[in-house]
Protein chains: 4
Amino acid sequence: MATRRFSATDPDLDQLYQRLSEGSLQPLWELSGLLTSEPRVRGVPHRWPGSELRELGSRAGDLVPVDRGGDRRVLACCNPGLGGAPYAVSTLWAAVQYLRGHEVAPAHRHTPAALRFIVEGQGVWTLVDGDALHMGTGDLVLTPSWTFHEHHNPGPEPMIWMDVLDLPVVAALDAVFFEEGPSEDADTRTAARSASEGWFGGGPGLVPVAGPPLPQHRSPLLAYRWADTDRALDAVLDTAGARWTTLRYTDPVRGGDVMPTMRCEITRVLAGASTDSVRQTGGRVLCVLHGSGEVHIGAERFDVAPGDILAVPSWTPWSVHAADDVDLFSTSDAPVLDALGLMRVQNLTTGQDGTAARGADHVTALHPHTTTDLSGAHR
Amino acid sequence: MATRRFSATDPDLDQLYQRLSEGSLQPLWELSGLLTSEPRVRGVPHRWPGSELRELGSRAGDLVPVDRGGDRRVLACCNPGLGGAPYAVSTLWAAVQYLRGHEVAPAHRHTPAALRFIVEGQGVWTLVDGDALHMGTGDLVLTPSWTFHEHHNPGPEPMIWMDVLDLPVVAALDAVFFEEGPSEDADTRTAARSASEGWFGGGPGLVPVAGPPLPQHRSPLLAYRWADTDRALDAVLDTAGARWTTLRYTDPVRGGDVMPTMRCEITRVLAGASTDSVRQTGGRVLCVLHGSGEVHIGAERFDVAPGDILAVPSWTPWSVHAADDVDLFSTSDAPVLDALGLMRVQNLTTGQDGTAARGADHVTALHPHTTTDLSGAHR
Amino acid sequence: MATRRFSATDPDLDQLYQRLSEGSLQPLWELSGLLTSEPRVRGVPHRWPGSELRELGSRAGDLVPVDRGGDRRVLACCNPGLGGAPYAVSTLWAAVQYLRGHEVAPAHRHTPAALRFIVEGQGVWTLVDGDALHMGTGDLVLTPSWTFHEHHNPGPEPMIWMDVLDLPVVAALDAVFFEEGPSEDADTRTAARSASEGWFGGGPGLVPVAGPPLPQHRSPLLAYRWADTDRALDAVLDTAGARWTTLRYTDPVRGGDVMPTMRCEITRVLAGASTDSVRQTGGRVLCVLHGSGEVHIGAERFDVAPGDILAVPSWTPWSVHAADDVDLFSTSDAPVLDALGLMRVQNLTTGQDGTAARGADHVTALHPHTTTDLSGAHR
Amino acid sequence: MATRRFSATDPDLDQLYQRLSEGSLQPLWELSGLLTSEPRVRGVPHRWPGSELRELGSRAGDLVPVDRGGDRRVLACCNPGLGGAPYAVSTLWAAVQYLRGHEVAPAHRHTPAALRFIVEGQGVWTLVDGDALHMGTGDLVLTPSWTFHEHHNPGPEPMIWMDVLDLPVVAALDAVFFEEGPSEDADTRTAARSASEGWFGGGPGLVPVAGPPLPQHRSPLLAYRWADTDRALDAVLDTAGARWTTLRYTDPVRGGDVMPTMRCEITRVLAGASTDSVRQTGGRVLCVLHGSGEVHIGAERFDVAPGDILAVPSWTPWSVHAADDVDLFSTSDAPVLDALGLMRVQNLTTGQDGTAARGADHVTALHPHTTTDLSGAHR
C-alpha cells in the first residue's frame, strides 16, 4: 500500500488504516490488480536454443562434478519475465541435465514430479523405484511424484536431456517433500526391458489381469518409446488425411494424463504446414525433437531447431509453421487447470472457444476434428 | 404349484389359493427353489470340438445359401443343460460362422453386441459402421451394440470363425432391437488399416488429441491383432517369470472392458504348466487358439485342440493344463456382474475369495500376483 | 425346431440337421424370433388392486403361519403374460408382505436386493445388518444385496407393505446366493433413529468426515422418510411452477441410484394434471400411495386407488392422469440398462428420443425441463 | 545467486556462470531451498479476533463507501508470514465483508471462487446468477467460479460475514478472469426460497429427475442452512456416541466437495472435549461460529470466541479444546491437493498417517472412526 487511492488526508481514515495494518488486515479498496479482466501473466515467450544448451551443458560437465548440489548437473531455464525465479513458465520448471560417461546421479525422491525427454543420444539408464529404464532419442521417461529415481551412464559418451518438473505448483501448495535414497551408492542395473514396459507396454488395450498393483494418480507405464510414438503419429496423420496432428501420452490401463500435474503431448507438422493458433490457461514448455521451422508465441516469432526449449506463458497463442517435418514435444499444467475447472481454450484460427469439462480434458483442440475425450479414471 | 406344501385338505386354504390364482398372485410359501444357497445353474460343462465345427460349417456352406435366415450362415452352440435354448451358457450365445469364397453377409445392426474371434484363416473383411477390418488368425474383432456390421470374402477360400453375443442378457432385459442395413448390396471395401486402428491402435497410451468422437460404453478400437497380443503375452510371462498368464482386452483410451456386457481375455499356458482352478459367478466361453492339453470344468475333463469351444457355467471351477503351449481365448459376462455388484470369485488353488468391487473389475484372479485394477471410465 | 424353414425334403440337409442336433448345435437360419425389430415383450400391462391385496394378505395372515416357506408371508404378483412365473414384469419381483401383530420374520440374506415401500400403516421394524429401521406410511426402506434383514412387529396391529426384488435379473445371471441368519431368534430391537439415518440422513449434502465405511454399490442410507419426500416434492413443484414432477431416491453421499439394479422414484401429479407418456427399455412396477386417477399403460387404462400395484412392461408407454392429487412410487431396472448401454427412452408427448449415456442415467425424462444428470460414483 | 557455493575464484566457472546468466539459465547446484525435506511454509499460525473484525468493519462502513474498489467493502486477513500479501494462508484469501443497511454491492464475476459464512446477523441477500439467497447466522453460501454475484441489504441493519476465496491458487495458475455484471444497478430481488434450494435442497438423496442442468465442477446447491447443519451435527454425535465430530458440505446430487478448490467442513466439539491433533498438506482457514475454548495451531495457543478467524498453515498440526460447546467452520484447499496426489495427513493423536487417494478425499481424519469416502463424480 505504498500509495493510497482514497482520502489521503482524512485523519479518520488514517487512523483506520493504521489499525488495519496493526491488525494484519488490508482494505480491498486499496488493493489493485487482484482481479483482472484477463490473466496478468508475468512470464514471457522465450526460446533457449538447443545448441547453446548442449554447449553449456558440456561446459558444466567439464567444470562441475555431478555430486554437487542436489546430485544433479542441471541448468534451469529462467523465464526472463519471472524476476529471476528458476522457472520456464510460472508453473513449470524446465532444464537440461548433463551426465558424462561413467557418471552416476544417485537416488532421491521428492513430491514434485519430473519427466525426462531425450532429444538426442542414448545410453543412460534411469531407475524408478528400482526399475531400470533405458533412455534414447525421442523417448519420454517419467519419474512420478515420490518415486525414487537415479541415473547412471555405463558408457563413455556423455548424454543430455530435458527435465520438466511441476515444482512451482507443488511449492505454491506448500507440499514439497524430499528424501535421499536409501544408499549413496548408485544402482547401476540395466535391463533389456523395464518391468514397467513388460507389464504395461503391450499392444494397445492389452493389460495383465494380475500383476503389480497399479499406482494411484499416475500411469503405471514409465517409458514411452519413440518407435511407438513415431508409428502412431504416422498412422493418425494417414488416417486423418491431415498435415499435422497431436498425440497425447496417457495411462495405457486407465486412460487420462500420465501424471496429475503435467500433460505430455507430441505434435507432428509436415513440411509446409502450420498448426492452428491456440491459447489456453496455464503454462506450456515446448521442446523441438526433429525439424525446423517457426514457432509463434504471442507476438514473438522464433526460428527453431532440434533441442530448442520454448516457453509458452498462460493465455498466449502459439502455433508452429514447419519448414521441414517437425516433431515437437510439449508439456503443460493442463491436468491441474482441468481438475480445478479453470481451463479455457481459444482457437484463434477456427474461432472456437472451449471451457474444458472436468473429466473431459480434451483441451488442446489444435485439430480441426471433433476433440477426443481423453479423460480417464485414476481412482 | 402342481403340488402343495401345506394343508392340502384345508378348504379355507383351498379357497384362498383359488382367489390368489384368480388374482394373478402366488403364495411365496408354496414356491421353492427361488432363493438357493448357491446358484442353481442349469448349463453344464461342455466342449464343441473344433474339427467338428469346421466340418459341419463346411457342410452347411455346401448346402445352405448365406442369405437365408438372418443373412448369416451360423451354427449356434446349444448347451445340453439349457433345454434346447441356442445358448452356450445361460448368458452367452456362441457360434461358428462360415463364409465361402466370394460370399457376402450384408449389413444389419442389433442391440445385442457381438465379437468375432478367428482361430484359423484370413481374408474376410468385417465392416463396422463402414470401417473395413481385416480378419486373420488370432485377431479379435468387435461389432458392438447397435453398430452396422457386414462381412465379405473377396478371395476364393472359405473362412470360419467364432461369434459370441450377449443375446441372452439383452433378451432377458426385453431390450432387443434389430435393423437391416441401409442397402441390400454389400459394401466390399477393404483397407490397409481400419480407421479404428489408425486413430486408436497406436503404441500403448498414445491417443490423438482430436479425432472422431469416442463412442459411449465401449472401446473405440475394434480390432485387436494377434501380433500385438502374442508379443504382449510373451512380455508379461517374461517379466513375471511365470509359466502362465492372462491378458485382458481393454479400451485403449479410457480403460475398462471392450464392451459393457462381455469381457475378453486371453490366457497363455506354457507346456507342462497348469493354471489355478477358479470359479466365478456368471458364464464363460472358451476357445482354443493354439496348443493342446486338458481343460477341467467342474467334474469334467476335456482334451482340447485348436478350434474347440467350451462352456464354463456360472460358479463352476475351471483350469487348464497345457501339454504343449496353449493359447486360450475367453469371453465372459463379468462386466455385467461387476456393474451390478454380483461378482464373486473363488480361487480353489490358492484358497482366496473375492467379491469384486464396482470400478474394480479385476475378477479373474487367475494369477498369483496382486490383481490389477483394470476398471476404466467409459463416461 | 418343430418346423423347418428350408428344404424339408432334402436328405443331405436332413443328415446335416441330424448331425447338428447330435453335436448340440442349431442352425441360425432355422431360428426365428431371436433378433426382432423391437423388443418382444411377454409381460403385459396389469393392475393388482390394493383393496384385494390387503384382503388376501389379511386372509393369508389368518390361515398361514409366517414361519412357513422362506419365513415370510408374501403374495407375489404374477404377470399374466409370463406363463406363471411369479414376476410382476420380466425383471422384477413385486409382492405384498403381511405381518400380524407380535409376529417376527427372522433374519436371512440373499444376493437379490429388495426394497420395501409402505402404503399404509406403521409399527413394524426392519433390521438391516442389525440396524433397526422403523417402517411407516410413505417410507422407502432398502435391504440391499447380501445384507441380513428381518422384520418384527412389536405391536398388536397387522401391517402390510410392498416388496420389490431384482430376483429375475440375479437368477438370469446364475448369481443367487442365500443364507439363513446367525440365529433363529428374531432380534426385536427398536431405535428412535436408525444408525444409517443418524450418519447419512442429515441435511442435503451434509456428511460425516469419519464414520462407518461406505458400502460398495449402494446407498449407505437405508430409509427415505415420507416427511422428507413430501416436502421435497412440494419444493420442486413450487420452484418449477409445474403440475407434476418426479424425484429420484439417490445415494446421499456419492449420488447415483440407491442400488445397482433398481431405480426408485416418486411422482406427484396434482389434481387434473397428466404426465407425459413415456416408454423406455426395461420393466417398471408402480405403487399408488395417495390419490386416484387413471394410469395408462400401453393400450390399457386402469382406474387406480391407494395400494394398487401396476406392471409396466418394457418399451410400453405409460402416463398418469390425476383425478385428485396423486403420489405414485415407482421402481425400475433402469440402472441395469444404463450400465449395459441398453437404455432407450422415448417421450411420446414431446416426441423426444433418448439413448441414455452411461454415467448419465437421466432416463426417465418425464418432465419438460432439461434432464438432470443424476449419475454418481459408487466406487 | 548472491553468494556462490563453489569455486568462487575459478575464472572458467566465472565465465560459465556469466554465460548462463546471459542465456537465462541457472545452475541447479547453486540453488538451495528448492527441494526441502518438509514443506518450507512461510505462513504462520494467526488469529484475527472477531470483536476487532466487527469493529473495524463497522468503522470502514462509516468511512468508506461500498462502491470504491471492487464494489465491495472488504477487509482482507494478511498472514504476517507472507510478506504483506493479502492472504490468510498461502492458498486462501479470507476476509470480512461489511454491508450497511440499504446498501448494495453490484454484480460481477471472476474465476476465483468464493464462499460466504455468516457468524452473526441476517437480512442480506446474495444473488448468484440471479438466484436470490438469503444470508443468516450459520449459513454457508457459495458463489462458485465465474458465477455473477451481488449482495443487497434491504433492511436498516448492517451485516458482516466472512468471505473465503481461492484467489492465490487461481493467480498462481495465471487463470484470473474478471467481468463486471451486465448492469450497474443492483438486482434487489428476494425470495422465500432460492431456486437452488427448491431444486436440490430436498431431503437427503432426493433429487429431481428433470430440472435445471447440473453445473460442472461444483455443487448445484448454493446455500447450506444452519438449521440443517445443526441437526445433522447432533444426529452424528448422538449416533457415534462421540464428543466431537466433523461434517463436510458436499454436492447433494453427485457427492464430492462443493467446489473444486475449497473444501468446507464444520466441527462441533462438546464442552470439555478436545479434537485430535492433525496436520495435512495445504492451508486452512477456521472461523468460530459458537462457543469458546482453545485452538492450538503448531506451537501457538489461541483463546477463541465467536467471529474469530484463524490461519492454519500447511503441515501444521491443529486441534480444538472446547470450554463450552464449540462450532467451528473450516475451509481448506484439500480438493486441490487431493486432485494432484499431494495430500498427506498425519494424526498426531492416534499416530495414523495417510496419503489420500484420488477419488478418496477423506483427508481430514479428525475422528476416531473409519474415514468416510466422500469422493464424488462431478463429471
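Residues numbered from 1 in each chain as written. Chains lettered and ligands numbered in written order. Predicted model: local features only at pLDDT ≥ 70, side-chain atom pairs only at ≥ 80, totals over all residues. Heavy atoms only, no water.

- As annotated in an unreviewed UniProt entry, chain A carries the name Gentisate 1,2-dioxygenase and comes from Pseudonocardia sulfidoxydans NBRC 16205.

## Some remarks on the overall build of chain A
Then step 1. Scanning chain A from N- to C-terminus turns up six helices and 25 strands.
Then step 2. Since a compact globule built from 379 residues should have a radius of gyration of about 21 Å, the 22 Å found for chain A is in line with a globular shape.
Then step 3. Reported as C-alpha extents along the three principal axes, the dimensions of chain A are approximately 80 × 55 × 45 Å.
Then step 4. The long-range fraction of contacts in chain A, counting pairs at least 24 apart against all pairs at least 6 apart in sequence, stands at 72%.
Then step 5. When the accessible surface of chain A is summed, it comes to about 12,100 Å², and 47% of that surface belongs to carbon and sulfur atoms. (Helix = DSSP H or I, 4+ residues; strand = E, 2+ residues; numbered from the N terminus. Rg over C-alpha atoms; globule rule 2.2 N^0.38 Å. Contact = heavy atoms within 4.5 Å. Areas by Shrake-Rupley, 256 points an atom, 1.4 Å probe, with all protein chains shown as cover.)

## Notes on the sheet that holds strand 1 (residues 25-27) of chain B
Then step 1. Strand order in this open sheet of seven strands is 1(B)-3(C)-4(C)-11(C)-6(C)-9(C)-14(C), and the pairing throughout is antiparallel. The open sheet has two free edges, formed respectively by strand 1 of chain B together with strand 14 (223-224) of chain C, since each of these has just one partner strand.
Then step 2. Note that strand 1 of chain B and strand 3 (residues 74-77) of chain C share three bridges and pair antiparallel. Bridge assignment links B:Pro27 to a residue of strand 3 of chain C, and that residue is C:Leu75. (Pairing = 2+ DSSP bridges.)

## Considering the packing of aromatic side chains
Two descriptors summarise a pair of aromatic rings, namely the distance from one centre to the other and the angle between the planes of the rings.
Then step 1. For the coordinates displayed, the defined rule picks out 16 aromatic pairs over all chains.
Then step 2. On the basis of an interplanar angle of 85 degrees and a centroid distance of 5.5 Å, the ring pair of D:Tyr224 and D:Tyr249 is categorised as edge-to-face. You can see D:Tyr224 sitting in strand 14 (residues 223-224) and its partner D:Tyr249 sitting in strand 15 (residues 244-249), a full 25 residues away along the chain.
Then step 3. In this structure an aromatic cluster arises from ring pairing among A:Phe117, A:Tyr224, A:Tyr249 and A:Phe329.
Then step 4. If you follow A:Arg344 out to its NZ or CZ, it ends over the ring of D:Trp146, 4.2 Å from the centre. (Phe/Tyr/Trp six-rings, centres within 6.5 Å; stacked < 30°, edge-to-face > 60°. Lys NZ or Arg CZ within 6 Å of the ring centre and 35° of its normal.)

## Brief notes about the interface of chain A and chain D
Then step 1. Counting residues at the interface gives 87 residues for chain A, matched by 87 residues for chain D.
Then step 2. Approximately 7,700 Å² of surface area, both sides summed, lies buried where chain A meets chain D, with 66% of it carried by carbon and sulfur atoms.
Then step 3. Where chain A meets chain D, there are four salt bridges.
Then step 4. Among the salt bridges present, the one from D:Arg59 reaches A:Asp12, with a minimum N-O distance of 3.7 Å.
Then step 5. Here chain A and chain D share 22 residue pairs in polar contact (both at pLDDT 80 or more) between them.
Then step 6. Sort the elements by how many residues they give to the side of chain A that touches chain D and helix 2 (residues 50-63) of chain A lands first, with seven residues. (Buried area = accessible area lost by both parts, 1.4 Å probe. Salt bridge = Lys/Arg side-chain N within 4 Å of Asp/Glu carboxyl O. Polar contact = N/O pair within 3.5 Å; in protein donor to acceptor, adjacent residues only side chain to side chain.)

## Brief notes about the sheet that holds strand 23 (residues 326-332) of chain D
Then step 1. Spatial strand order, 13(C)-15(D)-16(D)-23(D)-18(D)-21(D)-2(D): seven strands in an open sheet with antiparallel pairing. If you trace the sheet from one side to the other, it starts and ends with strand 13 (206-208) of chain C together with strand 2 (46-48) of chain D, each paired once. Ignoring which end each strand starts from, the neighbouring axes of this sheet average 25 degrees apart.
Then step 2. Where strand 15 of chain D lies against strand 16 (residues 263-269) of chain D, five bridges are found, and the strand directions are antiparallel. When the bridges of strand 16 of chain D are listed, D:Trp244 appears paired with D:Val269. (Axes fitted to C-alpha atoms, helices over the stretch in contact; angles between N-to-C directions.)

## Topic: the domain arrangement of chain A
Residues and elements named next belong to chain A.
Then step 1. We note that the domain assignment places domain 1 (46-197) and domain 2 (225-355) within chain A.
Then step 2. Inter-centroid distance (C-alpha atoms) of domain 1 to domain 2 is 22 Å.
Then step 3. If you look at the interface, domain 1 gives 35 residues, while domain 2 gives 29 residues.
Then step 4. Here domain 1 packs against domain 2, burying approximately 2,600 Å² in sum over the two surfaces, 71% of which is carbon and sulfur.
Then step 5. Taken together, the connections running from domain 1 to domain 2 amount to three salt bridges.
Then step 6. The tally of links between domain 1 and domain 2 comes to ten residue pairs in polar contact (both at pLDDT 80 or more).
Then step 7. Ranked by residues supplied to the side of domain 1 that touches domain 2, first place goes to strand 6 (residues 114-120) with five residues. (Domains from an automatic or database assignment.)

## Overview of the relation of the copies chain A and chain D
Then step 1. Mapping chain A onto chain D is achieved by rotating through 180 degrees and translating by 0.0 Å along the same axis, at an RMSD of 0.0 Å. This pairing of chains is accounted for by a two-fold axis. Proximity to the rotation axis, assessed at the C-alpha, singles out A:Ala339 in chain A; its C-alpha lies 3.3 Å from the axis.
Then step 2. The fraction of interface residues of chain A whose copies in chain D are also interface residues reaches 100%, indicating that both copies meet through the same surface. (Least-squares fit on C-alpha atoms with pLDDT ≥ 70 in both.)

## Looking at the nonpolar core
Nonpolar side chains in soluble globular proteins tend to end up buried together.
Then step 1. Counting residues in hydrophobic clusters, the biggest one holds 138 residues, and the most contacted among them are A:Tyr249 and B:Tyr249.
Then step 2. No other element matches the six residues that helix 5 (residues 226-240) of chain B contributes to this core.
Then step 3. Discounting residues that sit within four places of it in the chain, B:Tyr249 has contacts with A:Gly205, A:Leu206, B:Phe117, B:Leu140, B:Tyr224, B:Thr229, B:Asp257, B:Val258, B:Cys264, B:Glu265, B:Ile266 and B:Phe329. (Core = buried A, V, L, I, M, F, W, Y, C linked by side-chain atoms within 4.5 Å. Buried < 20%, exposed > 50% of the residue type's maximum accessible area, 1.4 Å probe, protein only.)

## Here's the deal with helix 1 (residues 11-22) of chain C
Then step 1. When the terminal C-alpha atoms of helix 1 of chain C are compared, their 16 Å separation across twelve residues agrees well with the 16 Å that a helix rising 1.5 Å per residue should span.
Then step 2. Buried residues of helix 1 of chain C: C:Leu13, C:Leu16, C:Tyr17 and C:Leu20, and no others. The arc enclosing the buried residues of helix 1 of chain C, seen along the axis, measures out at 100 degrees, which places them on a common side. Seen from the open side of helix 1 of chain C, the exposed residues pointing more than 90 degrees away from its buried face are C:Pro11 and C:Glu22.
Then step 3. Residues of helix 1 of chain C that are buried make contact with helix 2 (50-63) and strand 3 (74-77) of chain B together with strand 1 (25-27) of chain C.
Then step 4. Near the N-terminus of helix 1 of chain C, the side chain that reaches the backbone nitrogen of C:Asp12, with its oxygen 2.8 Å away, is that of C:Asp10.
Then step 5. Just downstream of helix 1 of chain C lies C:Ser24, where phi reads positive at about 55 degrees. (Expected span 1.5 Å × (residues − 1). Arc of directions from axis to C-beta.)

## Some details on the pairing of strand 20 (residues 300-304) of chain B
Look at any regular strand and the pattern is simple: side chains alternate between the two faces of the sheet.
All names here are of chain B.
Then step 1. Pairing geometry for strand 19 (residues 293-297) and strand 20, over five bridges, is antiparallel. Considered in strand 20, the bridge of Gly-293 is made with Val-304.
Then step 2. Here strand 19 folds back onto strand 20, and the loop between the two strands holds two residues, one of which, Gly-298, carries a positive phi near 60 degrees.

## Observations regarding the UniProt feature "domain: Cupin type-2" (unreviewed entry) in chain A
Then step 1. When the UniProt feature table is mapped to this numbering, "domain: Cupin type-2" (unreviewed entry) covers residues 101-164 of chain A.
Then step 2. Between the C-alpha atoms that bound residues 101-164 of chain A there is a distance of 23 Å. The span itself is 0% helix and 64% strand. (UniProt positions renumbered as here; feature names shortened; annotations may be inferred.)

## Structural notes on the packing of helix 2 of chain A against helix 1 (residues 11-22) of chain D
Then step 1. Between helix 2 of chain A and helix 1 of chain D, whose axes approach to 11 Å, the crossing angle comes to 155 degrees. With respect to helix 1 of chain D, the element helix 2 of chain A is oriented roughly antiparallel. Relative to helix 1 of chain D, helix 2 of chain A is oriented so that their crossing is left-handed. Contacts from A:Glu55, A:Leu56, A:Arg59, A:Ala60 and A:Leu63 in helix 2 of chain A reach D:Asp12, D:Leu13, D:Leu16, D:Arg19 and D:Leu20 in helix 1 of chain D.
Then step 2. Considering only residue class, the contact of helix 2 of chain A with helix 1 of chain D consists of six nonpolar, no polar and four charged. (Parallel < 35°, antiparallel > 145°, perpendicular 65-115°, else oblique. Left-handed = near helix turned anticlockwise from the far one by under 90°. Nonpolar A, V, L, I, M, F, W, Y, C, P; charged D, E, K, R; others polar.)

## Considering the pairing of strand 6 (residues 114-120) of chain B
All names here are of chain B.
Then step 1. Taking burial as the measure, the seven residues of strand 6 include six buried ones, the bulk of the element.
Then step 2. As judged from the five bridges shared by strand 6 and strand 11 (residues 159-165), these two strands associate in the antiparallel manner. Considered in strand 11, the bridge of Phe-117 is made with Met-162.

## Details of the environment of C:Gly351
All names here are of chain C.
Then step 1. Tracing the chain through its elements places Gly-351 in the loop between strand 24 (344-347) and strand 25 (353-355).
Then step 2. With a relative accessible area of 56%, Gly-351 lands in the exposed category.
Then step 3. Residues Gly-351 and Val-278 lie 73 residues apart in sequence; the distance between their C-alpha atoms is 9.5 Å.

## Concerning the side chain of C:His151
All names here are of chain C.
Then step 1. Mapped onto the elements of the fold, His-151 is located in strand 10 (residues 149-152).
Then step 2. At 2.8 Å, the side chain of His-151 and the side chain of Thr-126 are in polar contact.
Then step 3. Beyond its immediate chain neighbours, meaning those up to four positions away, His-151 contacts Arg-72, Gln-97, Leu-99, Glu-103, Val-104, Ala-105, Arg-116, Val-124, Trp-125, Thr-126 and Trp-161.

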